[in-house]
Amino acid sequence: MSKPLRALVIEDSEDDTELLLQELQRGGYVPDHARVETPEAMSSELKARAWDIVFSDFTMPNFNAFDALSLLRSTGIDIPFIIVSGTIGEDRAVTAMKSGAHDYILKGNLKRLIPAVERELREARVRQERREGEETIRRLAYQDPVTTLPNRARFRELIQEAVEKAARDSHSVGLLLMNLDRFREVNDTLGHGLGDQLLQQVGLRLRSALFTPDIVARLGGDEFGILLPHLSAVENVEHVIKKLQEFLQAPFMIGGIPIAVEASIGVALIPEHADDADTLLQRADIAMYRAKQMASGYALYTQEYDSYSPERLGLMAELRDAIGHGQLLLHFQPKVEVKTGQIVGNEALVRWQHPRHGLLMPDQFITTAERTGLMEPLTDWVLNDALNHCMAARREGIRLGISVNLSARSLHSPHLAEIVERALTAATADPRNLTLEITESAIMLDPAGAEKTLAILNGMGIRLSIDDFGTGYTSLASIKRLPVDEIKIDKSFVSGMLDDQRDAMVVRSVIELGHNLGHTVVAEGVENREMYEFLASMGCDEAQGYFISRPQACEPLKDWFAVSPWKIDAPA
Ligand code: C2E
Ligand code: MG
Ligand code: MG
C-alpha cells in the first residue's frame with residue numbers, strides 16, 4: 001500500500017537525498033519532498049506548506065541538525081525529526097536526542113529507517129490526538145454550548161487576567177452583568193429550543209455592539225457577562241451601556257414571533273469597587289439586582305446596594321414559607337382621574353416583609369417565584385388579600401376598585417380563571433371591582449392563548465388592563481381584538497416625555513389611539529405637577545405616580561385619604 005509522505009529533507013548532498021527517498025519508497029511511502037540546506041530555506045518551506053516529517057543531516061557547510069531542530073521547535077510544529085547522518089559519535093547522538101530529535105539513523109544503516117519512521121509517525125499521531133482531546137475538553141470546560149461564548153469559568157479567568165493587567169498598567173476595568181428580564185417566560189411559553197435561539201441572537205447582538213478586546217460571555221440561564229478590559233475613562237461605561245441597550249432594542253424574531261428583550265445591567269469597576277475578580281463579580285451581581293428596579297435599566301454598584309441581593313442571600317428556599325406565614329403584604333397606590341382629580345382606584349403591589357432583610361420589592365422576588373413554580377400560590381394570595389382589603393374598605397365607605405398585577409406565568413396558567421373565581425367568591429366581591437393588569441409582553445408571548453384567557457376573564461365581568469404599554473412592540477391595532485378596558489402607558493415614556501420629543505409622541509399617540517379603541521388610558525410614573533398637567537393637556541384619562549402618592553400600606557393609606565388634596569367619593 002502506498003503511503004503519501006510529505007518529507008522535508010535538510011541535506012547538502014543530492015545523492016544522499018536520493019538514497020533516502022529510495023529507502024522510503026521501498027518501505028511503501030510515496031515521498032513528496034523538498035530539500036533545503038540553509039535555515040532560511042527551511043524556514044520558508046515550513047511556512048509554505050504542511051509537513052509530516054523532517055529528515056536532517058548532522059553537519060552541513062551552512063547548517064546543522066541542532067539549529068534545524070531548534071528552528072522547527074520555534075515554529076511550534078510537532079512532527080518527527082529524524083537525523084540521518086554519515087558520521088555521528090555516540091555522545092553527539094545522545095545530545096541530539098536529548099535536544100528533541102526523535103531518532104538518528106546512520107547513512108550506512110538505512111534499513112533502520114522505515115521502522116523508525118513508522119514508529120515516530122504513529123507517536124506523532126498519538127500526540128496530535130491527545131492535543132485535540134485536550135482542546136475539546138478545554139472547549140467544553142470553557143465554552144457555553146448554546147451560544148459558543150465563553151462560559152462562567154472562562155469568564156472568571158479572563159476577568160482575573162484583566163484585573164492583573166490593569167493593576168500593572170493602572171487603568172480601569174469594567175464588568176457588566178446583564179440579566180434578560182422575562183426570559184423565563186419566553187422559555188416556558190415557547191419552549192427551550194426557541195429559548196436557546198433567543199440566547200444565541202442576544203449573544204450575537206451584544207458581540208456586534210462591542211469592540212474586539214471586549215468580552216461577552218454567557219454565565220448561565222438568562223445571564224450574560226461583559227468585560228471591558230481597558231477602560232480609559234469611567235464615563236465610557238455609560239456609553240457602552242447605552243449602546244448595548246440600543247442594540248437590544250429591536251425585537252428578536254424567534255420562530256416567527258417578535259420578542260422584545262429588556263435587560264437589567266449591573267456594573268462594577270476596578271479599581272473603584274473591587275481589586276479582585278471575585279469581589280468584582282459579586283458587586284456587579286448586586287448592582288444588577290438593583291438595576292431591575294431602575295427605570296434606566298442599569299445600576300452602577302454602590303455600597304448601599306449590598307442589602308439588595310436577596311436571591312444571593314438564599315431567598316429562593318424561603319419564599320414558599322413566606323407565602324404561608326404571613327410575610328407577604330400589599331401596598332396600594334391610588335389612581336386618579338385627571339379631569340376631576342378624583343381617586344378612582346388602587347393598584348395592589350406586593351411586598352415581602354422579610355424577617356432579616358427587611359421590606360423586599362416585587363422585582364427582588366417575582367422572578368424567584370416564577371423560577372420556583374411559586375407564582376400560582378403567590379397570585380392566589382395577592383388576589384385574595386387585595387379583594388379582602390377592597391371589600392373591607394368599601395364597607396367603610398371607600399368605594400374604590402382594586403387592580404392586581406398578573407405575571408406572564410399566571411396569565412398562561414390553565415388554573416387562572418378558577419383562582420380568580422374562587423377569590424371573588426371568597427371575598428363576595430363584584431367582578432367589576434377587580435381589574436387585572438397584564439403586561440403587554442406577557443400577552444405577546446402567546447397572543448392566541450392570551451386572547452382566549454382574556455375573553456374568559458372578560459366574560460366573568462372582570463376589567464382588564466394592559467400594563468407597561470409601549471415596551472412590547474405590539475401595535476395598538478393588534479390589541480384591537482382583545483377585550484381590554486384600560487391601557488397603562490409605561491412609565492419610561494411618561495418620565496421621558498417632558499424632555500424627549502419621541503417619548504412625548506408615544507404618550508400622545510397611545511392616548512389618541514387608545515381613545516379611538518374606546519379604552520381608558522392611564523399614565524403611570526407621574527412624578528410631578530408638570531407631568532400631570534402635560535398629561536391633562538393631552539387628554540389622558542387617569543394618572544398614577546409619586547406625584548399623587550407612593551404605594552402605601554393599607555392603614556397609612558386610609559389616613560392619607562382623610563387629608564389628601566385629591567378627592568374621594570363621600571361615603572355612600
Ligand atoms: P407595575 O405594575 O408597572 O407597577 C408600577 C411600579 O412603578 C411599582 O413598582 C410602583 O411602585 C412604581 N411606581 C409608581 N409610581 C411611580 C413613580 O412615580 N415613579 C417611579 N419611578 N416608579 C413608580 P413596584 O411596586 O416595585 O412593582 C414593580 C412591578 O412588580 C410592577 O410593575 C408589577 O409588574 C410587579 N408586581 C407588583 N406586585 C405584583 C403582584 O402582586 N403580582 C405580580 N405578578 N407582579 C407584581
Ligand atoms: Mg401594574
Ligand atoms: Mg407598569
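Nothing here was measured: the structure is a model prediction, and the numbers come from that model.

Thresholds, definitions, all that
Residues numbered from 1 in each chain as written. Chains lettered and ligands numbered in written order. Predicted model: local features only at pLDDT ≥ 70, side-chain atom pairs only at ≥ 80, totals over all residues. Heavy atoms only, no water. Helix = DSSP H or I, 4+ residues; strand = E, 2+ residues; numbered from the N terminus. Contact = heavy atoms within 4.5 Å. Lys, Arg positive; Asp, Glu negative; His and termini not counted. Charge placed at Lys NZ, Arg CZ, Asp CG, Glu CD. Donors = N, O, S within 2.8 Å, 3.2 Å for Na, K, Ca; no water. Buried < 20%, exposed > 50% of the residue type's maximum accessible area, 1.4 Å probe, protein only. Pairing = 2+ DSSP bridges. Axes fitted to C-alpha atoms, helices over the stretch in contact; angles between N-to-C directions. Near = heavy atom within 4 Å. Polar contact = N/O pair within 3.5 Å; in protein donor to acceptor, adjacent residues only side chain to side chain. Areas by Shrake-Rupley, 256 points an atom, 1.4 Å probe, with all protein chains shown as cover. Nonpolar A, V, L, I, M, F, W, Y, C, P; charged D, E, K, R; others polar. Domains from an automatic or database assignment. Buried area = accessible area lost by both parts, 1.4 Å probe. Arc of directions from axis to C-beta.

Attention now goes to the overall build of the protein chain. The helix and strand inventory of the protein chain stands at 21 helices and 23 strands. Oriented by its inertia axes, the alpha-carbon framework of the protein chain measures out at about 120 × 50 × 45 Å. Sequence-distant contacts in the protein chain: of pairs separated by 6 or more residues, those separated by 24 or more amount to 67%. The positive charge centre, built from 60 side chains, and the negative charge centre, built from 84, are 2 Å apart in the protein chain.

Let us now look at the coordination of the magnesium ion (ligand 2). The protein atoms that coordinate the magnesium ion (ligand 2) are E347 (OE), N405 (OD1), E437 (OE) and D467 (OD), at distances of 2.0 to 2.2 Å. Linear spacing of the donor residues for the magnesium ion (ligand 2) on their chain is E-x57-N-x31-E-x29-D. Between the magnesium ion (ligand 2) and the magnesium ion (ligand 3) the interatomic distance comes to 4.2 Å, and D467 is a ligand of both metals. Within this pair, whereas E347 is found in strand β16 (residues 342-354), its partner E437 is found in strand β19 (residues 434-439), the two being separated by 90 residues in sequence. The exposure classification of E347 matches that of E437, with both residues buried.

At this site the magnesium ion (ligand 3) is bound by D467 (OD), D468 (OD), E524 (OE) and E524 (OE), with donor distances of 2.0 to 2.4 Å. Between consecutive donor residues of the magnesium ion (ligand 3), the sequence gaps follow D-D-x55-E. Residue classification places D467 among the buried positions, given a relative accessible area of 6%.

Right, let's get into unusual backbone geometry. The omega angle of the peptide bond from I270 to P271 is 5 degrees, so this bond is cis rather than trans. Locating P271 in the fold gives a position in the loop between β13 (262-270) and α10 (277-291). At T148, a residue that is not glycine, the phi angle is positive and equals roughly 60 degrees. The topology assignment puts T148 in the loop between α5 (113-142) and α6 (152-169). The exposed category is assigned to T148, whose relative accessible area is 52%.

Sheet architecture is open: five strands sit in the order β2-β1-β3-β6-β7, paired in parallel fashion. What marks the edges here is a single partner per strand, and that holds for β2 (29-36) and β7 (103-106). Sheet twist, expressed as the average angle between the axes of neighbouring strands with direction ignored, equals 25 degrees. Contacting β1 (3-10), β2, β3 (53-56) and β6 (81-85), helix α1 (residues 14-26) crosses the sheet at an angle of about 160 degrees to β2. Contacts from helix α3 (residues 65-75) reach β1, β3 and β6, with the element oriented near 165 degrees to β6.

Attention now goes to the site of ligand 1. Every one of the 24 residues lining ligand 1 counts as a neighbour, but R351, N405, D467, E527 and Y546 are closest to it. The side chain of Q333 places a nitrogen or oxygen atom 2.9 Å from a nitrogen atom of ligand 1. In the model, a nitrogen atom of ligand 1 is placed 3.1 Å from a nitrogen or oxygen of the V350 main chain. Taken by itself ligand 1 offers 800 Å² of open surface, and the protein chains cover 87% of this. Among the secondary structure elements, those contributing two or more residues to the shell around ligand 1 are β16, α13 (375-395), β18 (401-406) and β20 (463-469). Ranked by residues supplied to the shell around ligand 1, first place goes to β16 with four residues. Of the residues in the shell around ligand 1, the class split is 10 nonpolar, five polar and nine charged.

A few words on the domain arrangement of the protein chain. One can read the domain layout of the protein chain as domain 1 (3-142), domain 2 (152-306) and domain 3 (310-563). Of the residues lining the interface, 23 residues belong to domain 2; the matching set on domain 3 comes to 18 residues. Considering only the surface of domain 2 that becomes buried against domain 3, E185, Y289 and Q293 emerge as the three largest contributors, covering 31% of it. Summed over the shared surface of domain 2 and domain 3, the result is one residue pair in polar contact (both at pLDDT 80 or more). Elements that contribute at least two residues to the side of domain 2 that touches domain 3 include exactly α7 (183-190), β12 (257-259) and α10.

What follows deals with the side chain of R463. Turning to its location among the elements, R463 is positioned in strand β20. For R463, a relative accessible area of 16% corresponds to the buried category. One polar contact links R463 to T435, side chain to side chain, over a distance of 3.0 Å.

What follows deals with helix α20 (residues 529-537). For α20, every residue scored as buried is listed here: M531, Y532 and L535. Seen end-on, α20 carries its buried residues on one side only, within an arc spanning 100 degrees. Opposite the buried face of α20, by more than 90 degrees, sit the exposed residues E530 and S537. Buried positions along α20 lie against β15 (328-337), α18 (491-496), α19 (501-516), β22 (520-523) and β23 (542-543).

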